[in-house]
Amino acid sequence: VQGTGGSSAVSKCSAAARGYIQDRFLRLLAGRQRRRAPLVHRGYYIRARAIDHCVQDFLLKTQSHPRTQILSLGAGFDSLYFRLKDMGLLHRTVVYEVDFPNVACQKATLIKRTKELLALVGDTGGEESGAVAFSAGDYKLLGMDLSELPELERALEEAGLDNGIPTLFIAEVVLTYMENSSSDALIQWAAGGFSQACFVLYEQVHPQDPFGRVMQQHFSRLNSALRSLAQYPDCEAQQKRFLEKGWTECSVMDMNEFFTRCTPQDEQQRVQALEPFDEYEEWHLKCSHYFVLTASKGMEPSWTPLLPSMAVPHRDGPVGTAGSVTAAACAMPCGTSGLRRYGHRSILIEPNVILTTGGFGEEGGQHCRMRNFHVLIKHGGYWKAGCVKKENSGKRWDGWLYHTVSRLSSSLALVTGGRTSPLSAGLGMSWLKFPEPCGVSGPDDFTVELVSVQPASEPAALRWRHSATEVMFKGEKYLFLYGGRSALKPVLGDWCFLHTKELSCAVIPVAGPAPESRHSHSACSWNGGVLIAGGLGAAERPLGSVLFLRAFEHGFQWQTVETRPPLIPRYSHTAHVHDGKLLLVGGVWFRSSSVPGITVIDLATGLCLDYTINAEHLEWPLMLHNHSSVFLPNEKELLVIGGGGNCFSFGTHLNPEPVVLSVSSILDSP
């Protein structure tokens, strides 16, 4: 548990070095310095911003009081006191910090050895004895075990804590490591022992969904299990906990909600532009699994720091479902080498042959960009997986992510776009040539030739997270390239009609208002046009629109497909059309109470039904984002390949094998 505090300080220090956090004291307290990934920077930024938002609101609302105090529980090597002192905000406030005795002693030694910190503290004439490791006029650092409440209360009283003045308690990923009986007692003591009190809690939630299971496994491996989650698994349970322990007011929101509703828009844009970034799914999943809670009692006026400053729709209640679909591991006698990946694409070449390309995954025991093609071939009732032989054409496949692959004939597919990094778009366009698959019985019989396209034809395809959908116009076949993002623009709203023979963009009239720019949406061919659903918009918020690019004699027209109830905004899903119904598979949304399963939209009536996915028969968490899926019309099954990603700092999770979802019952229902 103590190790998590040191790791947190290093991560905050790295975030500060990149400009996410304005804090010149972290480097003095963190000790070792290490560069973290942009995803980790964002995660620690929103954590720091939430705590600072609440602390500064407390100081603002209590500035008429002659004295106030802050008690940071499990403070570790946090720099809160030094930042507030440097900002001139502690004229009437004393900061108390409590952590394990050895942590408090280490921090006290650091302060005494660092001139910059010592100069800011000023008068250090306070007595350091017993539990007090460091004492100054407005700063007291105590070494105590928070679970030993009587001793803690006595030590704080001796150090000068006053239960008659406004007091802010801070617990930043601390109480969850304690036994629930001890943390509950601490919450109740804080409410009952102080006449004017406020509490800020930042912790994890939702332990049982796929991301939550990976999160729990990570902390268990560190021997620092998250003990509160079983009894308090969601925001509502935490709110009820505080109200039952004596607090009269309590507000709570997850970090997606805090970022979109309590962080000014210009600040959101500043943070989003700090570093090249392309891990939106993991960022939003991390934010949906952490919350900030504020509670108060005896405060006049009321303390409500979580009142939203942004006019963004509030999160709604639980998602109503029409039923469930069972997930089953795909029957594969020979293993699934090479199919543990994300950001890849899979296409059905023949009813029994699926080709998978690109992405980031696991091969040979290592994580890397996937430079080999892989094929799934069904033979004798079983799917066989294997690496595809590539014929030498002088073109190197460098393992692009978030590209598209469009099958144009039984032996030809076109790859468009993709990236190698958030700073570098991939190959533009390339042909994949493969033999007529009839008679192919196994992966060893399958070969692919990669043929490059002249650079002059490529500019429109220098994007990723886009869609490429086949349409017909005046008897000619085109690919409708739409949306996505590029190295220069985080979201695109333009489109191109790519002639599939000439590989050049044609000018075809499109009427109607242009849709909102987006990437990570889904696109399907239907009735000669294109169905677009969801996606991530310019503000990095999921979209809930369903659009139809309808074909007419002289061009196309954008139309809105009205759904009832409205489609829950989402992105990073896959989609298929069958018999007048649009199926959306998985994805990421901001409804933290559940994860997307399968949504079926009746394109004739607009009826929109959500189905959960029952994965209890799988021995591993099923993550349905950054995956690929193939619809098998004869069996009325969906075959899900890969999916997952880098789960914040908890490690990388990749779905280990393909999964079969039988959708016959939901397709056949009226």
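Scope of this entry: the structure provided in the associated data block. Here the structure is a predicted model, which means the values were calculated and not measured.

Calculation rules
Residues numbered from 1 in each chain as written. Predicted model: local features only at pLDDT ≥ 70, side-chain atom pairs only at ≥ 80, totals over all residues. Heavy atoms only, no water. Helix = DSSP H or I, 4+ residues; strand = E, 2+ residues; numbered from the N terminus. Rg over C-alpha atoms; globule rule 2.2 N^0.38 Å. Buried < 20%, exposed > 50% of the residue type's maximum accessible area, 1.4 Å probe, protein only. Contact = heavy atoms within 4.5 Å. Areas by Shrake-Rupley, 256 points an atom, 1.4 Å probe, with all protein chains shown as cover. Lys, Arg positive; Asp, Glu negative; His and termini not counted. Charge placed at Lys NZ, Arg CZ, Asp CG, Glu CD. Pairing = 2+ DSSP bridges. Axes fitted to C-alpha atoms, helices over the stretch in contact; angles between N-to-C directions. Left-handed = near helix turned anticlockwise from the far one by under 90°. Nonpolar A, V, L, I, M, F, W, Y, C, P; charged D, E, K, R; others polar. Arc of directions from axis to C-beta.

1. A few points about the overall build of the chain
- A tally of helices and strands in the chain yields 14 helices and 41 strands.
- Its C-alpha atoms give the chain a radius of gyration of 28 Å, within 12% of the compact-globule value 26 Å for 670 residues.
- Referenced to the eigenvectors of the C-alpha coordinate spread, the extents of the chain come out at roughly 85 × 50 × 45 Å.
- With 670 residues in all, the chain has 58% of them scored as buried.
- The long-range fraction of contacts in the chain, counting pairs at least 24 apart against all pairs at least 6 apart in sequence, stands at 66%.
- With the model as given, the accessible surface of the chain reaches about 26,000 Å², and the carbon-plus-sulfur share is 49%.
- Both charge centroids of the chain, one from 62 positive and one from 66 negative side chains, sit 5 Å from each other.

2. Here we look at unusual backbone geometry
- For the bond from E300 to P301, the omega torsion is -5 degrees, close enough to zero to count as cis.
- If you trace the backbone, P301 turns up in the loop between β8 (290–297) and β9 (323–329).
- Cis rather than trans, the peptide bond between R564 and P565 has omega equal to -10 degrees.
- Topologically, P565 is positioned in the loop between β32 (555–560) and β33 (574–578).
- Phi at H206 is positive, roughly 60 degrees, even though this residue is not glycine.
- Judged by relative accessible area, H206 falls into the buried class, the value being 11%.

3. Observations concerning the sheet that holds strand β34 (residues 581–585)
- The sheet built from eight strands is open, its strands ordered β33-β34-β35-β36-β9-β41-β38-β37 with mixed pairing. Each end of this open sheet is capped by a strand with a single partner; those strands are β33 and β37 (628–632). The mean inter-strand angle of the sheet, taken between neighbouring strand axes irrespective of direction, is 25 degrees.
- Relative to strand β41 (residues 659–662), β9 is paired through three bridges, and the arrangement is antiparallel.

4. Regarding the packing of helix α7 (residues 149–159) against helix α8 (residues 180–192)
- At a closest axis distance of 11 Å, the pairing of α7 and α8 adopts a crossing angle of 35 degrees. α7 and α8 meet at a crossing whose hand is right-handed. Contacts between α7 and α8 involve L149, L152, E153 and L156 from the first element and A185, L186 and W189 from the second.
- Grouping the constituent residues of the contact of α7 with α8 by class yields six nonpolar, no polar and one charged.

5. Brief notes about α7
- Residues of α7 that are buried include every one of L149, L152, A155, L156 and A159, and no others. What you see down the axis of α7 is that its buried residues fit within an arc of 130 degrees, all on one side. Of the residues in α7, the exposed ones pointing more than 90 degrees away from the buried face are P150, E157 and E158.
- Looking at the buried residues of α7, the elements they touch are β1 (68–73), β2 (93–99), β3 (132–136), β4 (139–143) and α8.
- G160, located one to two residues past α7, shows a positive phi value of around 115 degrees.

6. What about the pairing of strand β12 (residues 353–357)?
- For β12, the buried fraction is high: five of the five residues fall into the buried class.
- Alternating positions in β12 separate into two faces, V353, L355 and T357 on one and I354 and T356 on the other, with burial throughout.
- With five bridges joining them, strand β11 (residues 345–350) and β12 adopt antiparallel strand pairing. Residue pairing for β12: I347 is matched across the bridge by L355.
- From the end of β11 to the start of β12, which pair antiparallel, there are two residues.

7. Remarks on the sheet that holds strand β28 (residues 510–511)
- Judged by pairing direction, the sheet is mixed, and its five strands sit side by side in the order β28-β32-β31-β30-β29 without closing on themselves. In this open sheet, the two edge strands, each paired with only one partner strand, are β28 and β29 (522–526).
- Here strand β30 (residues 529–533) pairs with strand β31 (residues 546–552) via four bridges, running antiparallel. Across the sheet, I532 pairs through a bridge with L547, a residue of β31.

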